[in-house]
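The lines below spell out each chain.
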Amino acid sequence: MRWLLAALLLAAVFEGVTRLAALETAAAGTTPYPAFIQQVRRWLPPGSQVLGLHNYWLGLEDYDYRSFAVPILWTDPAYTSPPLTFDAALSRVAPDVILLDAHLRDYFTHHRDQEAALTAWLAQHNGRLAASIEDATYGALDIYWVQP
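As the structure is a prediction and not an experimental result, all values here were calculated from the model.

Caption draft 1: Molecular detail of the environment of Ile143. Tracing the chain through its elements places Ile143 in strand E5 (residues 139-145). Here the alpha-carbon distance between Ile143 and Ala7, two residues 136 residues apart in the chain, equals 54 Å. Ignoring sequence-local partners within four residues, the contact set of Ile143 consists of Val40, Trp43, Leu44, Val97, Ile98, Leu99, Arg128, Leu129, Ala130, Ala131 and Ile133.

Caption draft 2: Representation of the pairing of strand E4 (residues 128-135) within the structure. One ladder, built from seven bridges, connects E4 with E5; its direction is antiparallel. The residue of E5 that forms the bridge with Arg128 is Trp145. Between E4 and the antiparallel strand that follows it, E5, lie three residues.

Caption draft 3: Quick peek at the pattern of salt bridges. Considering all chains together, one arrives at four salt bridges under this definition. Its salt-bridge partner being Arg105, residue Asp142 comes within 3.3 Å of it at the nearest N-O pair. Of this pair, Asp142 sits in strand E5 while Arg105 sits in helix H5 (residues 102-110), and the two are 37 residues apart along the sequence.

Caption draft 4: A nonpolar patch on the surface, seen in detail. A cluster of nonpolar side chains, Met1, Leu4, Leu5 and Leu8, forms an exposed patch at the surface whose accessible area comes to about 480 Å². Here Leu5 shows up in helix H1 (residues 2-28).

Caption draft 5: Broad picture of the pairing of strand E1 (residues 49-52). Side chains of E1 alternate between two faces, with Gln49 and Leu51 and Val50 and Gly52 buried alike. Across four bridges, E1 lies against strand E2 (residues 64-67) in parallel orientation. Counted as the bridge partner of Leu51 is Arg66 from E2. Judged from the two bridges that link them, E1 and strand E3 (residues 97-101) form a sheet pairing that is parallel. Bridging across to E3, Leu51 finds its partner in Ile98.

Caption draft 6: Quick look at the packing of aromatic side chains. Scanning the model with the defined rule gives seven aromatic pairs in all. Taken together, a centroid distance of 5.3 Å and an interplanar angle of 70 degrees make the contact between Tyr107 and Phe108 edge-to-face. Judged by its relative accessible area of 2%, Phe108 is buried. An aromatic cluster is built from Tyr33, Phe36, Tyr56 and Tyr138, whose rings are joined through pairwise contacts. The positively charged end of Arg92 is found above the aromatic ring belonging to Trp74, 5.1 Å away from the centroid.

Caption draft 7: Fine view of helix H2 (residues 33-41). Along H2, the residues classified as buried are Phe36, Ile37 and Val40. When H2 is viewed along its axis, its buried side chains cluster within an angular range of 95 degrees and face the same direction. In this structure, the buried residues of H2 make contact with E3, E4 and E5.

What counts, and at which threshold
- Residues numbered from 1 in each chain as written.
- Predicted model: local features only at pLDDT ≥ 70, side-chain atom pairs only at ≥ 80, totals over all residues.
- Heavy atoms only, no water.
- Helix = DSSP H or I, 4+ residues; strand = E, 2+ residues; numbered from the N terminus.
- Contact = heavy atoms within 4.5 Å.
- Pairing = 2+ DSSP bridges.
- Salt bridge = Lys/Arg side-chain N within 4 Å of Asp/Glu carboxyl O.
- Patch = residues over 30% accessible without salt bridge, like charges linked within 9 Å, V, L, I, M, F, W, Y side chains within 5 Å.
- Areas by Shrake-Rupley, 256 points an atom, 1.4 Å probe, with all protein chains shown as cover.
- Buried < 20%, exposed > 50% of the residue type's maximum accessible area, 1.4 Å probe, protein only.
- Phe/Tyr/Trp six-rings, centres within 6.5 Å; stacked < 30°, edge-to-face > 60°.
- Lys NZ or Arg CZ within 6 Å of the ring centre and 35° of its normal.
- Arc of directions from axis to C-beta.

Here it is, written out as structure tokens:
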């Protein structure tokens, strides 16, 4: 019985060591968040109001930053009475810059009416694609500049 327990303990230690080695290998290929955010910051005009997912705020805290959850929730009658249309919610936020990543693109594939409203809103506000950042860790991020 002791040999069996010793063998199980050895197997557990071996698995732990191999998992740590795999994590080290994965970490070596991961873009550090500050390096990624520096790429994003290069495309943000000073003093601009930025609309994007909340996870980007951590590196953009010196900008007037709004989460995309704000206009999305303003369209939901469970949170706002009466709910706003998506284009009205975007106008209320009035961003100068919009960050559109894979998570938002996925959201909009399931909310086609809001995707159409965003596209129309960008066209009405002279929105143009300023940059696309491709990153192996964080995915693709499109940066749109918007003019009033």
